[in-house]
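Residue-level structural notes
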Amino acid sequence: THCISSAASDVYKRQVDVIARGYGYGMSKPYVLLVDCKSRKNADYKINAGDERTIIEYIKSFLYDSPRDRASDIYFLIVSSGFRDIEEKALRKIKAETNIDTILITIETLLFLLSLKLQKWDLDIEKMKNIFQTRGIVTKEFIQEQLIGR
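So, here's what we can say about the structure.

About the cut-offs
- Residues numbered from 1 in each chain as written.
- Predicted model: local features only at pLDDT ≥ 70, side-chain atom pairs only at ≥ 80, totals over all residues.
- Heavy atoms only, no water.
- Buried < 20%, exposed > 50% of the residue type's maximum accessible area, 1.4 Å probe, protein only.
- Helix = DSSP H or I, 4+ residues; strand = E, 2+ residues; numbered from the N terminus.
- Arc of directions from axis to C-beta.
- Contact = heavy atoms within 4.5 Å.
- Salt bridge = Lys/Arg side-chain N within 4 Å of Asp/Glu carboxyl O.

Listed as buried for helix H3 (residues 88-98) are Ala90, Leu91, Ile94 and Thr98. The arc enclosing the buried residues of H3, seen along the axis, measures out at 100°, which places them on a common side. Summarising the geometry of H3, the exposed residues directed more than 90 degrees from the buried face are Lys89 and Ala96. Along its buried surface, H3 packs onto helix H2 (49-65), strand S4 (102-106) and strand S5 (136-138).

Right, dumping it as structure tokens:
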């Protein structure tokens with residue numbers, strides 16, 4: 001993980017990981033997938049103002065610390081057991097300040113995606129990429145529509 005220059009860096013840098021970096025077969029540009037796992041006891045995750053600012057600072061810091069990745073397609077994925085009251089305004093602000101969309105996916109949906117990929121190893125990487133170019137909550141139905149046309 002990369003440091004953030006903000007006051008929240010010590011906490012946040014332990015929560016966000018670069019889990020994928022490289023070229024996908026047939027892709028025109030390299031990619032970087034940043035993942036932030038959110039755990040809330042007995043509650044779904046909601047982006048609050050502090051989280052919004054911390055996400056923006058993290059992405060900006062990542063781009064500053066990793067100049068070779070600036071030409072890559074970069075995706076910021078938040079994984080949680082559930083989401084509630086996600087305001088489009090917060091997602092637009094993150095995009096406006098970083099030029100990177102925030103994708104929200106439940107762990108159940110992420111496992112569904114991984115299961116599909118394991119069952120159909122030849123899935124089109126560009127179709128997979130489309131999933132991560134979607135701002136907001138990614139659903140199983142959306143994944144099915146993108147990958148297998150249902």
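Let us look at the pattern of salt bridges. In this structure the tally under the stated criterion is 10 salt bridges. Salt-bridge contacts for Arg135 lead to Asp101; the nearest nitrogen and oxygen are separated by 3.5 Å. A residue pair is termed long-range when its members are at least 10 positions apart, and Arg135 in the loop between helix H5 (125-131) and S5 and Asp101 in the loop between H3 and S4 qualify at 34 residues. Look at Asp101 and you get buried, because its relative accessible area is 15%. Taken together, the salt bridges that share partners define one network made up of Arg53, Glu57, Lys60 and Glu97.

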